Amino acid sequence: MKQEILRILSFNKGNFVSGEEISEKLKVSRTAIWKHINALREDGYIIESQTRLGYRLVKKPDLLLPEEVRLNLNSRIIGSEVKYYSKIDSTNTEAKKLAQMGEKEGTVVIAEEQTGGRGRKGRAWNSPFGMGIWVSVILRPQISPVEAPGLTLVAAVAAAKAVRNVTGLPVKIKWPNDLMLNSKKVGGILTELSAEIEVVNFIVVGIGINVNNESFPEELREIATSLKIEQAGKEKLDRVQLLCELLHRFEEEYFAFITGRQKEILKQWKGLSDTLSSIVRVIGPSSIIEGRAVDLDETGALLVEKEDGSVERIISGDVSL
Ligand code: BTN
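Residues numbered from 1 in each chain as written. Predicted model: local features only at pLDDT ≥ 70, side-chain atom pairs only at ≥ 80, totals over all residues. Heavy atoms only, no water.

(A) Structural context of the side chain of Glu253. Note that Glu253 resides in helix 8 (residues 239-258). Relative accessible area serves as the criterion here: at 3%, Glu253 is assigned to the buried category. Here Lys161 takes part through its side chain, which lies 2.8 Å from a polar atom of the side chain of Glu253. Not counting the four nearest positions on each side in its chain, Glu253 is found in contact with Val154, Val157, Ala158, Lys161, Ile265 and Gln268. (Helix = DSSP H or I, 4+ residues; strand = E, 2+ residues; numbered from the N terminus. Buried < 20%, exposed > 50% of the residue type's maximum accessible area, 1.4 Å probe, protein only. Polar contact = N/O pair within 3.5 Å; in protein donor to acceptor, adjacent residues only side chain to side chain. Contact = heavy atoms within 4.5 Å.)

(B) Region of interest: the site of the ligand. Taken together, 20 residues lie around the ligand, and Ser90, Gln114, Arg118, Arg120 and Lys185 are the ones closest in. A distance of 2.5 Å separates an oxygen atom of the ligand from a polar side-chain atom of Lys185. Relative to its unbound accessible surface of 420 Å², the ligand loses 98% to contact with the protein. Because more than half of its atoms lie within 2 Å of the grid, the ligand is assigned to the largest pocket. (Near = heavy atom within 4 Å. Areas by Shrake-Rupley, 256 points an atom, 1.4 Å probe, with all protein chains shown as cover. 1 Å grid on protein atoms, 1.4 Å probe; cavity = no way out; pocket = protein on both sides within 12 Å on 5 of 7 lines; lining within 4 Å. Sits in = over half its atoms within 2 Å of the grid points.)

(C) Summary view of the pairing of strand 11 (residues 288-296). Examined bridge by bridge, strand 10 (residues 279-283) and strand 11 share five bridges and lie antiparallel to one another. What sits directly across from Val282, in strand 11, is Ile289. Hairpin remark: strand 10 followed by strand 11, antiparallel, with four residues in the connecting loop. Alignment of strand 11 against strand 12 (residues 302-305), held across four bridges, turns out to be antiparallel. Along strand 12, the bridge assignment pairs Ala293 with Val304. Hairpin geometry of strand 11 and strand 12 is characterised by an intervening segment of five residues between the two adjacent antiparallel strands and by a positive phi of about 95 degrees at Gly300. (Pairing = 2+ DSSP bridges.)

(D) Seen up close, the pattern of salt bridges. Going through the model one piece at a time under the given rule, you end up with 28 salt bridges. Taking the shortest distance from any N to any O, the salt bridge between Lys2 and Glu67 comes out at 3.8 Å. With Lys2 in helix 1 (residues 2-11) and Glu67 in helix 4 (residues 66-72), the pair connects residues that are 65 residues apart, well separated along the chain. Classification of Lys2 by relative accessible area gives partly exposed; the value is 21%. Here Glu48 ties to Arg56 by a salt bridge, and the two come within 2.6 Å at their closest N and O atoms. One salt-bridge network, in which partners are shared between bridges, spans Asp62, Glu112, Lys236 and Arg239. (Salt bridge = Lys/Arg side-chain N within 4 Å of Asp/Glu carboxyl O.)

(E) Here's a closer look at the layout of surface pockets. Its boundaries defined by the atoms lining it, the largest pocket holds a volume of some 670 Å³. Lining the largest pocket are 38 residues, with Gly119, Ala124, Trp125, Asp178 and Lys185 positioned closest to its centre. Looking at the lining of the largest pocket, the elements that each hand over two or more residues are helix 5 (91-100), strand 5 (132-139), strand 7 (178-181), strand 8 (184-195), strand 9 (200-210) and strand 14 (318-320). When residues in the lining of the largest pocket are grouped by element, the largest group, five residues, is from strand 8. The residue inventory of the lining of the largest pocket, partitioned by class, reads 15 nonpolar, 14 polar and nine charged. Each of two domains, domain 2 (66-272) and domain 3 (279-320), supplies a minimum of three residues to the lining of the largest pocket. Looking at the second largest pocket, its volume works out to about 440 Å³. Taken together, 20 residues line the second largest pocket, and the ones lying closest to its centre are Pro149, Thr152, Pro176, Ile315 and Ser316. (Points joined across faces, edges and corners; volume = space filled by probe spheres on them. Nonpolar A, V, L, I, M, F, W, Y, C, P; charged D, E, K, R; others polar. Domains from an automatic or database assignment.)

(F) Seen up close, the sheet that holds strand 9. One open sheet accounts for seven strands, arranged 3-4-5-9-8-7-6; its pairing is mixed. The sheet terminates laterally at strand 3 (82-88) and strand 6 (172-174), the two strands that pair on one side only. Sheet twist, expressed as the average angle between the axes of neighbouring strands with direction ignored, equals 20 degrees. Two elements, strand 5 and strand 9, share eight bridges in a ladder whose sense is antiparallel. Following the sheet pairing, Gly132 is matched in strand 9 by Asn210. Along the sheet, helix 8 makes contact with strand 4 (108-114), strand 5 and strand 9, crossing strand 5 at roughly 30 degrees. (Axes fitted to C-alpha atoms, helices over the stretch in contact; angles between N-to-C directions.)

Remember that the coordinates give geometry; whether it matters functionally is a separate question.
Printed below as a string of structure tokens:
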């Protein structure tokens, strides 16, 4: 009901809608409507009420509330169920717990703040309240575990396209999963897998994007940035719009992935990459490789041509350009 009232008020944003009109449309009493309006006010919505005119939505809260996400979402599966937390340790950890208990494909876990946000290789992910998009998506593709890294490419392409579409900022992808803006990191992806030898049980893809952060802790200042900092007008961005665009693009790329159109994803990834054709230094688990990043193979591995002309296939590591 709250959702329906919000839909009506949002549709008429800036104009009054009478209590009578809302109660007729939704077939509930005016007292019930008044209660739901108060609940929305408690969520942070500013709703004006005037005796003869009714209700008018003045301002929405700067939160990723599920009602707002549903209102603005264009996708069918990804985001069909939203689990929302004001504060949580990590959306990936929560999504894995839910998936283990049988949560369906497409459910997303969103938090305003993560107290134990996780990055690759056990690193911490800075996730202050209300500043970014900290989201995890539960997937149940019928693929073999070796194909799972392809979903990191799916997420990277979707995130880069979403940011570009909403902000016009030229975000690039640094292999394997960093979103870069003006040589600083603005986002990252953490893909986690639960599988047996031949089958995937579920996959959780976590995406973090620094959206409205104005500053970073000392140790990140040189290497991290946010969309707001990099934007010419330094204006606050609409996180709901960006999240919904991200989930929409994610669904598009995910459908391409599960219907065997990996080549399309790879082509887009290459077009958005800042790694390919650059001279790179890759610090891997057991060695350091230097050379020119010449290509990405169909599994998402990076191909680096060394000075002696030999090509090294790299499946994990940290790239510096
Ligand atoms: C990286 O660049 O190392 C990956 C960062 C991934 C961060 C996101 S934020 C949402 C999700 N929950 C987490 O704990 N991590 C991912």
